[in-house]
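Each chain, written out:
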Amino acid sequence: MRINNAFVEDVSCSNNSTGYIIVSYAVPEGNNTLSIQNIQLNINRNTAILNSFGQRMCSCCIQRGMWVNVAFSSRMTMSIPPQAAAFWVAVQRNPQFPLPPLRPIPPQRPLPPQRPLPPLRPQRPSSETTGRIVLIDFDNNYIITEDPNDRNNQTRFLITNSTSITNRFGAPIRLRNLQPGQMVRITHSNIQTLSIPPQTTAFHIQVI
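Fair warning: this is a prediction, and the values are worked out from it, not measured in the lab.

Student: It is not clear to me how the side chain of Ser59 should be interpreted in this structure. Could you clarify?
Tutor: One can find Ser59 in the loop between β4 (48-50) and β5 (67-72). Setting aside chain neighbours within four positions, we find Ser59 in contact with Cys13, Asn15, Asn16, Ser17, Thr18, Ile43 and Ile49.

Student: Sorry if this is basic, but what is going on with the state of the cysteines here?
Tutor: The bond known as a disulfide is covalent and runs between the sulfur atoms of two cysteines. Counted under the stated rule, the structure contains one disulfide. Covalent S-S linkage joins Cys13 and Cys60, the inter-sulfur distance amounting to 1.7 Å. Linking Cys13 and Cys60, the disulfide has an S-S dihedral of approximately -65° and is accordingly described as left-handed. In this pair, Cys13 sits in strand β1 (residues 2-13) while Cys60 sits in the loop between β4 and β5, placing the two residues 47 residues apart along the sequence. Under the relative-accessibility criterion, Cys60 is labelled partly exposed at 32%.

Student: Can you help me understand the pairing of β5 in this one?
Tutor: Consecutive side chains along a regular strand alternate between the two faces of the sheet. Of all six residues that make up β5, six are buried, and the element is covered over most of its length. Both faces of β5 are covered, namely the face carrying Trp67, Asn69 and Ala71 and the face carrying Val68, Val70 and Phe72. Across four bridges, the pairing between β1 and β5 is antiparallel. Looking at β5, one finds that Arg2 is bridged to Ala71. As judged from the six bridges shared by β5 and strand β6 (residues 83-92), these two strands associate in the antiparallel manner. Paired with Trp67 across the two strands is Gln92, which belongs to β6.

Thresholds, definitions, all that
Residues numbered from 1 in each chain as written. Predicted model: local features only at pLDDT ≥ 70, side-chain atom pairs only at ≥ 80, totals over all residues. Heavy atoms only, no water. Helix = DSSP H or I, 4+ residues; strand = E, 2+ residues; numbered from the N terminus. Contact = heavy atoms within 4.5 Å. Disulfide = S-S within 2.5 Å. Buried < 20%, exposed > 50% of the residue type's maximum accessible area, 1.4 Å probe, protein only. Pairing = 2+ DSSP bridges.

Such coordinate-based values are descriptive only and should not be taken to indicate function.
The structure is reproduced here in structure tokens:
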């Protein structure tokens, strides 16, 4: 089995050849949404570890926050998260569109080159929040982010026609170009609902 564009959540390395990594990856769900799932990949002396140039590297060189492509055994435990033996791990220089192991998603056509535009000036009063995307609902136009230091601290951001979205280089992108696992900086309204998670309107989303 294979996962492209997995995000390294945790790493354990006892020496240069054994240990494990816990990765998260996006899986399409019903209602045109994406969810995040985790799996622990156990590394042994037979696991091939490659850097972004295709060169061998030690297992202890894998760090949290990296994006990797992985191949692993289809025999998985029933634990939470499930565990499987890793065949190879390849560190990616730039993450690609997420491909879950069982239901590959066709790659999207790249957007034509566009001249970077300054973000729209948000309304006032506003606040700024930095978090990791954990869910995207394309039908109802909202995303949910979590605090990277506290997974229980989540916020739902409504996307309107006036919400501007840019990539890390400042070029405008669409909502469908966002991916679960990305870190984003969101300028949003100070007004939030009392729901769980709280809900507010996003003025500008910047991938970081």
